[in-house]
Amino acid sequence: MTALTKSWERLAVPLFILAAWEVFSRSGVLPQALLPAPSVVLHTWADWITGFDESSQANSGRWLADALSSALRVAAGYAIAAVSGVALGIAIGWWRWVERTVEPTIQMLRPVPPVSWIPLAIIWFGIANKPAIFLVFLGAFFPILMNTIHGVKTADRNLIRAASMMGATEQQLLRHVVFPAALPSIFAGLRIGIGAAWMLTVTAEMVAVKSGLGYVLWDSYYFLRYDLVLAAMASIGLLGFATDGAIKLLMSAALHWQHGSTLQSREG
Amino acid sequence: MASIDLQNITKIYRDAKRKRDLLAIDDVSLSVQPNEFLCLLGSSGCGKSTLLNMIAGFEKPTTGTVTVGGKPVGGPGADRGMVFQQANLMPWLPVWENVAFHLRLKGWRKADRRSAAQEYIDMVGLRGFENHYPAELSGGMSQRVGIARALLLNPQVILMDEPFAALDAQTKMDMQEELVAIWQKQRCTVVFVTHSVDEALVLGTRVAVMTSRPGRIRELIDLDLPRPRDITSPRFNDHKRHILNLIREEGMQQRSVAAA
Ligand SMILES: Nc1ncnc2c1ncn2[C@@H]1O[C@H](COP(=O)(O)OP(=O)(O)OP(=O)(O)O)[C@@H](O)[C@H]1O
Ligand SMILES: [Mg+2]
């Protein structure tokens, strides 16, 4: 198959949805303001990015700043979640006593929806970056942690035997055997985590922060600018897609040894 | 060079799930002299791997002591190289990194590890496959990587758990020859587990025939056959007949115990 037909395969469904939406929106079944056509959304979005005709009013030309402030919150919370989730996950998976002392607390905190921490987050951190970063951390931390624990626990005991036969200390076992063995699971957790991270940044921005894509989204709702609401939603989707793609790239680089041994490697 | 001493070893596996204990090894005493090539011969499930794992330090005997080179075995260590029943290679490392894993643990630089690994890769005939990953190797090739990895430790003692069981006849014969040559060159002590009478007779300086569960040493047989071993010679066949008789008796006793 050529590259062209392949990218056509990927684009067919989104293009069809956009075309149907455009037709439906122009048909006048609903007032245009309630469901703006894709062309209108695109127009507003373009102004939001470049500021060429001020059609997005106060937001005109401010897209990059908005996207950047959301992305930085995601990056900060996600980085903290990734480092602490992987480290704690390895400790819980490896040492029984850590599991016994820490795991019950974790399992009790895990079902509490991150969103329900918003009141406390605002009280503790005020209205700014910190409550958003805290929420992002909460959302990404648990999937990363759970998957890391699973990866460590399902590591092949025989590989640990082989390494200790070659004189590995406990620390070396963790670094040279347990961590690489858990890496496929860890990446599964990282990919779930990045989705949660974007969801929670936007949620936090709608409630507790006065900048970012989520803030624009909620603010535009008050001003009945549904074209901007949709442009904000599309921006979040695209950025989420891009960050997940980046993690996927990182993953296939780190797990290149799996090529040829998993189902995934079937697609050429 | 190191001798291995097993004194009155018993091993009971506690089976918590079925609330039943399993006597795997029953009062085994055995000493292996330095530079000896001992073959442990026995049927499936008789406790060969268990015995080997206790020498390696992966399992602790329930009673009795294991000493290697005069020192009691406390746990696994690089003085005893082990080749496992399954190759147990790190799937995320290429062949040469698997072979040189010990040097990675010792903090050697990459270039030094790479050149040190080459000698052993050549020894097991895997030149050209240095950068392959375990998923890209055949079963026999993986097993050879496992052997190279154990040899690189330059250990006093090499423990092998049916390393050639999964190989075809031709490769098996080549590998057996290779192993004897390596053993003669490195002057190490080898304990080799197998359930093949021929293999034990081709390789060993001594054969320990084990009973079925619980594992005991049924008989120790010295092999003073010249090398390379001729599997068609009358003396080879005398030994073979004797061992096969032992195994047959063992099987008959098992069945009569089961019938009673
Ligand atoms: N970790 C374990 N826990 C409980 N029972 C075990 C364990 N390892 C081995 N056994 C039992 O001990 C007995 C001896 O097992 P072992 O693996 O030593 O046999 P083997 O002689 O190596 O057999 P094979 O030739 O099939 O590899 C078996 O009955 C087995 O069920
Ligand atoms: Mg076995």
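The rules behind these values
- Residues numbered from 1 in each chain as written.
- Chains lettered and ligands numbered in written order.
- Predicted model: local features only at pLDDT ≥ 70, side-chain atom pairs only at ≥ 80, totals over all residues.
- Heavy atoms only, no water.
- UniProt positions renumbered as here; feature names shortened; annotations may be inferred.
- Near = heavy atom within 4 Å.
- Polar contact = N/O pair within 3.5 Å; in protein donor to acceptor, adjacent residues only side chain to side chain.
- Areas by Shrake-Rupley, 256 points an atom, 1.4 Å probe, with all protein chains shown as cover.
- Helix = DSSP H or I, 4+ residues; strand = E, 2+ residues; numbered from the N terminus.
- Donors = N, O, S within 2.8 Å, 3.2 Å for Na, K, Ca; no water.
- Buried < 20%, exposed > 50% of the residue type's maximum accessible area, 1.4 Å probe, protein only.
- Arc of directions from axis to C-beta.
- Contact = heavy atoms within 4.5 Å.
- Core = buried A, V, L, I, M, F, W, Y, C linked by side-chain atoms within 4.5 Å.
- Axes fitted to C-alpha atoms, helices over the stretch in contact; angles between N-to-C directions.
- Parallel < 35°, antiparallel > 145°, perpendicular 65-115°, else oblique.
- Left-handed = near helix turned anticlockwise from the far one by under 90°.
- Pairing = 2+ DSSP bridges.
- Patch = residues over 30% accessible without salt bridge, like charges linked within 9 Å, V, L, I, M, F, W, Y side chains within 5 Å.
- Salt bridge = Lys/Arg side-chain N within 4 Å of Asp/Glu carboxyl O.
- Lys, Arg positive; Asp, Glu negative; His and termini not counted.
- Charge placed at Lys NZ, Arg CZ, Asp CG, Glu CD.
- Phe/Tyr/Trp six-rings, centres within 6.5 Å; stacked < 30°, edge-to-face > 60°.

Named according to an unreviewed UniProt entry, chain B is NitT/TauT family transport system ATP-binding protein originating from Azospirillum rugosum. In its Sequence similarities (unreviewed entry) section, UniProt records this for chain B: "Belongs to the ABC transporter superfamily."

The name an unreviewed UniProt entry gives chain A is NitT/TauT family transport system permease protein, with Azospirillum rugosum as the organism. Turning to chain A, the UniProt record has this under Sequence similarities (unreviewed entry): "Belongs to the binding-protein-dependent transport system permease family." Per UniProt, the comment on chain A under Subcellular location (unreviewed entry) is "Cell membrane".

Moving on to the site of ligand 1. Residue and element names in this part refer to chain B. The full set close to ligand 1 counts 14 residues, and S44, G45, K48, S49 and T50 are the nearest of them. A distance of 2.6 Å separates an oxygen atom of ligand 1 from a polar atom in the side chain of S44. Within the complex, 66% of the 630 Å² of free accessible area of ligand 1 lies under protein. Only β2 (20–32) and α1 (48–56) provide two or more residues apiece to the shell around ligand 1. Looking at which element gives the most residues to the shell around ligand 1, the answer is α1, with 3 residues.

Right, let's talk about the coordination of the magnesium ion (ligand 2) for a bit. All names here are of chain B. Protein-derived ligands of the magnesium ion (ligand 2) are S49 (OG) and Q85 (OE1), with the metal-ligand distances lying across 1.9 to 2.8 Å. Separated by 36 residues along the polypeptide, S49 in helix α1 and Q85 in the loop between β6 (80–83) and α2 (95–99) bring together distant segments of the chain. Using a relative accessible area of 22% as the deciding quantity, one classes S49 as partly exposed.

What follows concerns helix α9 (residues 213–222) of chain A. All names here are of chain A. If you check which residues of α9 are buried, you get L213, G214, V216, L217 and S220. Burial along α9 is one-sided: seen end-on, the buried residues are contained in an arc of 165 degrees. The inward-facing, buried residues of α9 contact α2 (38–50), α3 (63–94), α8 (170–207) and α10 (226–254). Just downstream of α9 lies L224, where phi reads positive at about 60 degrees.

Within the secondary structure, S164 of chain A sits in helix α7 (residues 157–165). Overall, S164 of chain A belongs to the buried group, its relative accessible area being 13%. There is a polar contact of 3.2 Å between the side chain of S164 of chain A and the backbone oxygen of R161 of chain A. Here S164 of chain A is in contact with L173 of chain A together with F58, P76 and G77 of chain B, once residues within four sequence places are set aside.

Glancing now at the nonpolar core. When a protein is soluble and globular, its nonpolar side chains tend to lie buried together. Judged by nonpolar contacts, the single largest core of 101 residues is most densely connected at W48 and V177 of chain A together with L6 and M90 of chain B. The biggest single contributor to this core is α8 of chain A, with 15 residues. Counting 49 residues, the second largest nonpolar core, distinct from the first, contains F37, A100, L179 and V197 of chain B.

If you check UniProt for "domain: ABC transporter" (unreviewed entry), the listed places come out as residues 4–237 of chain B in our numbering. Along residues 4–237 of chain B the backbone is 32% helical and 27% strand, and the end-to-end C-alpha distance reaches 29 Å.

Glancing now at the packing of α8 of chain A against α9 of chain A. Residues and elements named next belong to chain A. Contact geometry of α8 with α9 gives a least axis separation of 7 Å together with a crossing angle of 50 degrees. The pairing of α8 with α9 is recorded here as oblique in orientation. With respect to the hand of their crossing, α8 and α9 are arranged in right-handed fashion. Along the contact surface, α8 presents V202, E205 and M206, while α9 presents L213, G214, Y215, L217 and W218.

Residue and element names in this part refer to chain B. The antiparallel open sheet is built from 4 strands, whose spatial order is β2-β1-β4-β5. Looking at strand neighbours, the two that pair on one side only are β2 and β5 (71–72), the edges of this open sheet. As paired strands, strand β4 (residues 63–68) and β5 are joined by 2 bridges and run antiparallel to one another. Bridge pairing in β5 links T67 to P72.

This next bit is on the UniProt feature "domain: ABC transmembrane type-1" (unreviewed entry) in chain A. Those places that UniProt annotates as "domain: ABC transmembrane type-1" (unreviewed entry) correspond, in this numbering, to residues 67–251 of chain A. Between the C-alpha atoms that bound residues 67–251 of chain A there is a distance of 25 Å. The span itself is 85% helix and 0% strand.

To continue, consider a negative patch on the surface. A contiguous patch of negative charge, built from D168, D174, E177 and E178 of chain B, is present on the exposed surface. Along the chain, the position of E178 of chain B falls in helix α6 (residues 169–186).

The description of two aromatic rings rests on the distance between their centres and on the angle between their planes. All names here are of chain A. Applying the stated criterion across every chain yields a total of 15 aromatic pairs over all chains. Arranged with centres 6.1 Å apart and planes meeting at 75 degrees, the rings of W218 and Y222 form a pair that is edge-to-face. Separated by 4 residues within a single helix, W218 and Y222 lie in helix α9, roughly one turn from each other. Given a relative accessible area of 57%, Y222 falls into the exposed group.

It is worth spelling out the side chain of T211 of chain B at this point. All names here are of chain B. Residue position: T211 is located in the loop between β9 (206–210) and β10 (217–222). You can call T211 buried: its relative accessible area is 7%. Engagement of the side chain of T211 in a polar contact is seen with the backbone oxygen of P214, the distance being 3.1 Å. When neighbours within four sequence positions are excluded, T211 is seen to be in contact with C46, R216, R218 and E250.

Per the counting criterion, the structure on display carries 20 salt bridges over all chains. Between D244 of chain A and R191 of chain A there is a salt bridge whose closest N-O contact spans 3.0 Å. Placement of the pair is D244 of chain A in helix α10 and R191 of chain A in helix α8, with a sequence separation of 53 residues. Among the salt bridges present, the one from R241 of chain B reaches D238 of chain B, with a minimum N-O distance of 3.3 Å. Taken as a pair, R241 of chain B and D238 of chain B lie in helix α8 (residues 234–259) at a separation of 3 residues, close to a single helical turn.

All names here are of chain B. By the alternation rule, side chains of β6 split into R80 and M82 and G81 and V83, which are all buried. In this sheet, strand β7 (residues 157–161) lies alongside β6 in parallel orientation, the contact comprising 4 bridges. Directly across from V83, in β7, lies its bridge partner M160.

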